[in-house]
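So the chains spell out like this:
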Amino acid sequence: MTFQALRGTSDLLAGELARWEAVERTVRRLARRYGYQELRTPVIEDAALFSRSVGETSNIVQKEMFRFEDRGGREIVLRPEGTAAVVRAYLEHHLHKTQGFAKLFYLGPMFRAERPQAGRMRQFHQFGVEAVGSSSPWLDAEVITLCLEMLKACGLTDASLLLASMGCRADQAKSAERLRKRLAPHRAELCKDCQSRFDKNVFRVLDCKNPTCREIVWSEKRSPFVLCAECEAHFAQVKRALADVGIAFNESAVFARGLDYYTRTVFEVRSSRLGAQDAVTAGGRYDHLVKELGGPDVGAIGFAAGIERLLMAVHGGTPSDAADDHRAGIYVAVARPDLLAGGFSLVQRLRRRGVTALMDYEGRSLKAQFREADDARCQWVAILGEQELKTQSVTVKDLAQGSQRTIALDAFVEEAAQGVKAACHR
RNA sequence: GUGGGCGUAGCUCAGACUGGUUAGAGCACCUGGCUGUGGCCCAGGGGGUCGCGGGUUCAAAUCCCGUCGCUCACCCCA
């Protein structure tokens, strides 16, 4: 009986992890540059948090949450997204009272019980940014700019930004009504899914792939979306601010986010280097969520980016072992198995002085030890043999140059430790 | 939840259509040539319930059925 990682989950090994760490470093560096502070929330939350925020009728809540009952009969879920939890924490720690406005970012795993495919995992990872407590359009521009800067700094070169405004709640109701009125005469012709979408969430009919549905939707040229004067002004300001800092975008009237909390500005960043799941980032304003979760009536905006998708778009299928010429560290090789004790005390002396040091404990041939030193990309091999033992010295070979010399043991340890210190000051 | 493709060595894959001696290759790994020296070369070696279960047959990696897994797509989304 052998075990394997659950469907839609995966292990990350050293080579791949280097890329993840680079993304995490970049995200933290840029987030702080823009004044956002890291927040870590639990992976499990009260199920109601998401049904209330993301929406009872949303796909995520209806069929994609990992849900279970704990011993006290509480409904628990593995978080399917980050925004609701951030707002929950914002309120739980009274950030609305102590600082009013909070700029937060997070990084971590999310869970959705979907059928896996390219760019879609059951446990996937996101980094995200949330600015909670303001309705300023400048903040929309800041968040979108930060998002693009992060993606670019991570190496994404073909990001395309899609921008739209869903309007306020009143606008959405009006738009929905207009759309329903337009579709009503053709209701019987719509596909089965759209029949139910008509009542549940009409906007979803707009991105139906069914040819008949498409034809009906597009038969009227005028957009079903209406924006009130305030929302129109807000959106115009966002677009102006983005243009001022040189951010290019495509405006699209027909994409609407499938999460109920979105209002006004919504955006998505896609990459052409991805398959069917081409959204690397999505986000938008959620001006009523804080209040709906029991807080004050303040606006907020944020986004979440999929790390797996980002890495896929940046590196494609390139293997990650990145065998560069960089060599570092010392491999201690012993000429005979009975010298293992001397070798072990030498690697420990080196490690305690901050030097990377490796050795083989199997008592293998020098040839095998050298091969391993080379595979591990060590810079030097320090040989301990009979001759060295007699004179309390080591023979040190530079693997890149092939040169070799014998020096006193204590002097060697000192030299190696100084070398590390020098490298740190550089 | 629905469809397509694929499961043979650690990895990438031949072999399958036209069942037939001990199931192969390359890479990786180990050992030796070079008894105190890496990369290159040469020689040798270890490693496989052919995903699993059943059926057909004298005989199944190969044909049939089922099942599990992976993968891509739909849906939806990061």
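For the structure itself, look to the data block above.
A brief report on the enclosed structure follows. (Residues numbered from 1 in each chain as written. Chains lettered and ligands numbered in written order. Predicted model: local features only at pLDDT ≥ 70, side-chain atom pairs only at ≥ 80, totals over all residues. Heavy atoms only, no water.)

1. Things to note about the environment of K103
Phase 1 of the analysis: Relative to the elements of secondary structure, K103 occurs in strand β5 (residues 102-111).
Phase 2 of the analysis: In contact with K103, not counting residues within four places along its chain, are Y34, G35, Y36, Q37, E130, A131 and E142. (Helix = DSSP H or I, 4+ residues; strand = E, 2+ residues; numbered from the N terminus. Contact = heavy atoms within 4.5 Å.)

2. So, the sheet that holds strand β12 (residues 330-334)
Phase 1 of the analysis: Spatial strand order, β13-β12-β14-β15-β16: 5 strands in an open sheet with mixed pairing. Pairing within the sheet leaves two strands with one partner each, and these edge strands are β13 (357-359) and β16 (404-408). When strand polarity is set aside, the average angle formed by the axes of neighbouring strands in this sheet is 30°.
Phase 2 of the analysis: Relative to β16, strand β15 (residues 393-398) runs antiparallel, the two sharing 5 bridges. Opposite K397, over in β16, you have Q404 as the bridge partner.
Phase 3 of the analysis: With respect to the sheet, helix α13 (residues 340-352) is in contact with β12, β13, β14 (380-384) and β15, its orientation differing from that of β13 by roughly 160°.
Phase 4 of the analysis: The strands that helix α16 (residues 409-425) touches are β12, β14, β15 and β16; relative to β16, the one it contacts most, it runs at about 105°. (Pairing = 2+ DSSP bridges. Axes fitted to C-alpha atoms, helices over the stretch in contact; angles between N-to-C directions.)

3. Considering the protein's contact with RNA strand B
Phase 1 of the analysis: Around RNA strand B sit 49 residues in total, of which R112, R115, R197, L399 and Q404 are the nearest.
Phase 2 of the analysis: If you look at RNA strand B and keep only atoms within 4 Å of the protein, 53% of those are sugar or phosphate atoms.
Phase 3 of the analysis: Between RNA strand B and E64, the relevant distance is 3.4 Å, taken from a sugar or linking oxygen to a side-chain nitrogen or oxygen of the residue.
Phase 4 of the analysis: One of the side-chain N or O atoms of R120 is found 2.6 Å from a base nitrogen in RNA strand B.
Phase 5 of the analysis: The element that contributes the greatest number of residues to the surface near RNA strand B is helix α14 (residues 366-375), accounting for 7 residues.
Phase 6 of the analysis: The residue makeup of the surface near RNA strand B, split by class, is 14 nonpolar, 15 polar and 20 charged. (Near = heavy atom within 4 Å. Polar contact = N/O pair within 3.5 Å; in protein donor to acceptor, adjacent residues only side chain to side chain. Nonpolar A, V, L, I, M, F, W, Y, C, P; charged D, E, K, R; others polar.)

4. A look at the pairing of strand β11 (residues 300-306)
Phase 1 of the analysis: With 7 of its 7 residues buried, β11 lies for the most part within the structure.
Phase 2 of the analysis: The two faces of β11 match: A300, G302, A304 and G306 on one face and I301, F303 and A305 on the other face are all buried.
Phase 3 of the analysis: In this structure, strand β6 (residues 123-132) lies alongside β11, joined through 7 bridges in antiparallel fashion. Residue pairing across strands places V129 opposite F303, the latter belonging to β11. (Buried < 20%, exposed > 50% of the residue type's maximum accessible area, 1.4 Å probe, protein only.)

5. Some thoughts on the layout of surface pockets
Phase 1 of the analysis: There is about 390 Å³ of room inside the second largest pocket.
Phase 2 of the analysis: If you go around the second largest pocket, you meet 19 residues; those closest to its centre are Q379, W380, A416, G419 and V420.
Phase 3 of the analysis: Tallied by class, the residues present in the lining of the second largest pocket amount to 9 nonpolar, 6 polar and 4 charged. (1 Å grid on protein atoms, 1.4 Å probe; cavity = no way out; pocket = protein on both sides within 12 Å on 5 of 7 lines; lining within 4 Å. Points joined across faces, edges and corners; volume = space filled by probe spheres on them.)

6. So, a nonpolar patch on the surface
Phase 1 of the analysis: There is a patch of nonpolar side chains on the surface, built from V43, I44 and F68 and spanning about 230 Å² of accessible area.
Phase 2 of the analysis: Mapping F68 onto the fold places it in strand β3 (residues 67-69). (Patch = residues over 30% accessible without salt bridge, like charges linked within 9 Å, V, L, I, M, F, W, Y side chains within 5 Å. Areas by Shrake-Rupley, 256 points an atom, 1.4 Å probe, with all protein chains shown as cover. Salt bridge = Lys/Arg side-chain N within 4 Å of Asp/Glu carboxyl O.)

7. Here's the deal with the sheet that holds β3
Within a sheet, adjacent strands bond to each other through the backbone by hydrogen bonds, running parallel or antiparallel.
Phase 1 of the analysis: Taken together, 3 strands build an open sheet; the order of strands is β2-β4-β3 and the sheet is antiparallel. Bordering the open sheet on either side are β2 (44-46) and β3, each of which pairs with just one other strand. The average angle at which neighbouring strand axes cross in this sheet is 35°, direction not considered.
Phase 2 of the analysis: With 3 bridges joining them, β3 and strand β4 (residues 75-78) adopt antiparallel strand pairing. Along β4, the bridge assignment pairs E69 with E75.

8. Remarks on the pattern of salt bridges
Between side chains of opposite charge, a pair can form as their charged atoms come close.
Phase 1 of the analysis: Within this structure, the stated rule accounts for 22 salt bridges.
Phase 2 of the analysis: We note a salt bridge from K103 to E142, for which the minimum N-O separation is 2.7 Å. You can see K103 sitting in strand β5 and its partner E142 sitting in helix α6 (residues 137-153), a full 39 residues away along the chain.
Phase 3 of the analysis: Note that R336 and E386 form a salt bridge whose closest N and O atoms lie 2.9 Å from each other. Of this pair, R336 sits in the loop between β12 and α13 while E386 sits in helix α15 (residues 386-391); the two residues are 50 residues apart in sequence, bridging distant segments of the chain.
Phase 4 of the analysis: According to the relative accessible area criterion, R336 is partly exposed, its value standing at 32%.
Phase 5 of the analysis: The class of E386 is partly exposed, set by a relative accessible area of 48%.
Phase 6 of the analysis: A single network of salt bridges, built from pairs that share partners, joins R28, E38 and R40.

9. So, the state of the cysteines
Phase 1 of the analysis: Enumeration according to the criterion identifies 0 disulfides in this entry.
Phase 2 of the analysis: C154 forms no disulfide, and the closest cysteine sulfur to it belongs to C147, at a distance of 10 Å.
Phase 3 of the analysis: No disulfide involves C168; its sulfur sits 3.8 Å from the nearest other cysteine sulfur, which is in C231. (Disulfide = S-S within 2.5 Å.)

10. Here we look at helix α10 (residues 229-244)
Quick reminder: α-helices carry 3.6 residues per turn. Residues three or four places apart thus point the same way.
Phase 1 of the analysis: Under the 1.5 Å per step criterion, the end-to-end length of α10 is 22 Å for 16 residues, consistent within 8% with the ideal 22 Å.
Phase 2 of the analysis: Buried within α10 we find C231, H234, F235, Q237, V238, K239, A241 and L242.
Phase 3 of the analysis: Buried positions along α10 lie against α6, β7 (159-165), α7 (169-183), β8 (250-251), β9 (263-271) and β10 (279-285).
Phase 4 of the analysis: Residue G246 follows α10 closely and has a positive phi angle near 75°. (Expected span 1.5 Å × (residues − 1).)

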